[in-house]
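# A structural walkthrough
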Protein chains: 2
Amino acid sequence: MVVTGTSRAALAYLKALYALEEESPRSGARGRLGTARRVTTSAIAERLAVSAPSATNMLKRLAARDLVSYEPYKGASLTRKGRAVALEIVRHHRLLETYLVEALGVPWEEAHAEAEALESNLSESVEERMFAALGRPRFDPHGHSIPTRNGAMPKTSRRSLWDVSDGEAVLVAQVPDSHSDALRYLAEVGVLPGVRVTIESRGPVGGPLFVRVEDNEDAPVALSKEITEAIWVH
Amino acid sequence: MVVTGTSRAALAYLKALYALEEESPRSGARGRLGTARRVTTSAIAERLAVSAPSATNMLKRLAARDLVSYEPYKGASLTRKGRAVALEIVRHHRLLETYLVEALGVPWEEAHAEAEALESNLSESVEERMFAALGRPRFDPHGHSIPTRNGAMPKTSRRSLWDVSDGEAVLVAQVPDSHSDALRYLAEVGVLPGVRVTIESRGPVGGPLFVRVEDNEDAPVALSKEITEAIWVH
DNA sequence: TTCTTGATTTAGACAGGACTAATACTGCTC
DNA sequence: GAGCAGTATTAGTCCTGTCTAAATCAAGAA
Ligand SMILES: [Mn+2]
Ligand SMILES: [Mn+2]
Ligand SMILES: [Mn+2]
Ligand SMILES: [Mn+2]
């Protein structure tokens, strides 16, 4: 239980920091490990819907606990320790999402919010039981990898559907998890992880992508730039 | 979701107050409804392992929100509104205990603590799904009644095993839920809700009760006064 | 190299909760 | 009815987290 003694609020910051580091483009010198991606104070504040001073304040306190490395005016990044804590929460989150959907039939567009409510209070023991009950899953319902018990995060495809060329067929790897309207729509039209899709055509600059979904004889579905940028494929 | 906007800490006080009111002997004039049982500040403080001033402080704040009726030096009691909130948490707690034990195989002596960690973050939607998945249970694993969705609390037996006379056979209704050592022992010797037991004999004043357990050919089990007082039967 | 401006941090407050030390009640005893 | 003992409340702090307003920095424009 890496997480013990860390408040819900602090965990939210660590998780946000983790997500923002992942989202940020790989830092310049490809492969230069140790070159931690720094995340700006305002990015964190925005993500958590909190004021910038609040973020500064929390970053300092996390830095004092060696969970975050923070330099004034230069942003923050997770330390090894902070990353371990963040990954533990991510594991809780994704296991809960999976469990809620698989075992309790929670609609996938609601799973994210429900999991968020529970993730910081999940014990290792219950975590392990859910993991076993689900058959040791490797992906959550949105296709995100579930970190292992010891904090390893399997690498996943980073190619977005938006970047796929016309006529090419690809497999949906993951969809975003937190925009429930979009998720409801994706479920409706069948754009789910594991499904094969083909780009049929695309509208004018920045316009929608028309995507044909495997096993769906209907007309191709229109997907906005925003959403297709957030869908990873391989 | 009666509970929204009430902090984890505040919920703990309401729940403690509820439990203490239940435990207190029915107030004098049998049946005089409206005669709310008042709970002392120190009883609450002790139950929550908190200082007396902390309890005073919280009681005042709960009173300001009309969840508790509080008069200085005279203790506190739940208002109708406060009782509804408390019952909702009790429902969450007991459903979670049941779910953890039944669906995830959590040992019953651990269920209480695990449920306590999760109860204040359980949504109505997940609550309802667990309830359905369990087949709308009416009792938790320790034999406590689960309040209904609309906050009705079924009445239960209040006769304690300690008060049963020698030779009499009774059915265990409920056991205490929070002392895990005792629970582990009870499970081992088979003293579970629904099991029939007979008082074989009893030790000297305040000494242990020797109880024969249905379907258990072994020697009668010795149970302390404390534990048997906390076991209800019918 | 200096200016300007947007991003950040500092200052100062506040609410929720909890603690210790000091004070004030209450109820019981004589 | 006065005195005590034990309960309970008040006073004063502290810590977490959050906010707004004010000050400060860093980086690009000129
Ligand atoms: Mn999610
Ligand atoms: Mn864990
Ligand atoms: Mn319990
Ligand atoms: Mn509920």
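Let us look at the structure shown here. The structure presented is a predicted model; accordingly, all values stated were derived computationally and were not measured.

This paragraph deals with the interface of chain A and chain B. Of the residues lining the interface, 20 residues belong to chain A; the matching set on chain B comes to 20 residues. Across the chain A to chain B interface the summed buried area is about 1,500 Å²; carbon plus sulfur atoms make up 58%. Viewed at the interface, chain B and chain A are joined by zero salt bridges. Linking chain A with chain B are seven residue pairs in polar contact (both at pLDDT 80 or more), by the criterion used here. Looking at the side of chain A that touches chain B, the elements with two or more residues in it are α4 (80–104), α5 (108–118) and α6 (124–133) of chain A. Ranked by residue count, the leading element in the side of chain A that touches chain B is α6 of chain A, at five residues. Its residues assigned to classes, the side of chain A that touches chain B comprises 12 nonpolar, four polar and four charged.

Turning our attention to the packing of α4 of chain A against helix α4 (residues 80–104) of chain B. Between α4 of chain A and α4 of chain B, the shortest axis-to-axis distance is 14 Å and the interhelical angle comes to 75°. Classed by the angle they form, the pair α4 of chain A and α4 of chain B counts as roughly perpendicular. Across from Tyr99, Ala103 and Leu104 of chain A in α4 of chain A, the residues of α4 of chain B making contact are Tyr99, Ala103 and Leu104 of chain B. When its residues are assigned to classes, the contact of α4 of chain A with α4 of chain B shows six nonpolar, no polar and no charged.

Attention now moves to the sheet that holds strand β4 (residues 169–174) of chain A. Taken together, six strands build an open sheet; the order of strands is β3-β8-β4-β5-β6-β7 (chain A) and the sheet is antiparallel. One side of each edge strand has no neighbouring strand; the edge strands of this open sheet are β3 (159–160) and β7 (221–223) of chain A.

Taken together, 22 residues are adjacent to DNA strand C, and Ser42, Lys60 and Tyr70 of chain A together with Ser7 and Arg61 of chain B come closest. Measuring from a phosphate oxygen of DNA strand C, one finds a side-chain N or O atom of serine 51 of chain B at 2.9 Å. At the level of elements, α2 (41–48) and α3 (52–64) of chain A together with α1 (8–23) and α3 (52–64) of chain B are the ones that each hand at least two residues to the surface near DNA strand C. Sorting elements by how many residues they give to the surface near DNA strand C places α3 of chain B first, with five residues. Looking at the surface near DNA strand C, its residues break down into 12 nonpolar, eight polar and two charged.

Contacts to DNA strand D come from 21 residues, most closely from Ser7, Asn57 and Arg61 of chain A together with Ser42 and Tyr70 of chain B. Side-chain polar atom of serine 42 of chain B to a phosphate oxygen of DNA strand D: 2.3 Å apart, as the coordinates give it. Those elements that provide at least two residues to the surface near DNA strand D are α1 (8–23) and α3 of chain A together with α2 (41–48) and α3 of chain B. No other element matches the five residues that α3 of chain A contributes to the surface near DNA strand D. Grouping the amino acids of the surface near DNA strand D by side-chain chemistry returns 11 nonpolar, eight polar and two charged.

Definitions and limits used
- Residues numbered from 1 in each chain as written.
- Chains lettered and ligands numbered in written order.
- Predicted model: local features only at pLDDT ≥ 70, side-chain atom pairs only at ≥ 80, totals over all residues.
- Heavy atoms only, no water.
- Contact = heavy atoms within 4.5 Å.
- Buried area = accessible area lost by both parts, 1.4 Å probe.
- Salt bridge = Lys/Arg side-chain N within 4 Å of Asp/Glu carboxyl O.
- Polar contact = N/O pair within 3.5 Å; in protein donor to acceptor, adjacent residues only side chain to side chain.
- Helix = DSSP H or I, 4+ residues; strand = E, 2+ residues; numbered from the N terminus.
- Nonpolar A, V, L, I, M, F, W, Y, C, P; charged D, E, K, R; others polar.
- Axes fitted to C-alpha atoms, helices over the stretch in contact; angles between N-to-C directions.
- Parallel < 35°, antiparallel > 145°, perpendicular 65-115°, else oblique.
- Pairing = 2+ DSSP bridges.
- Near = heavy atom within 4 Å.

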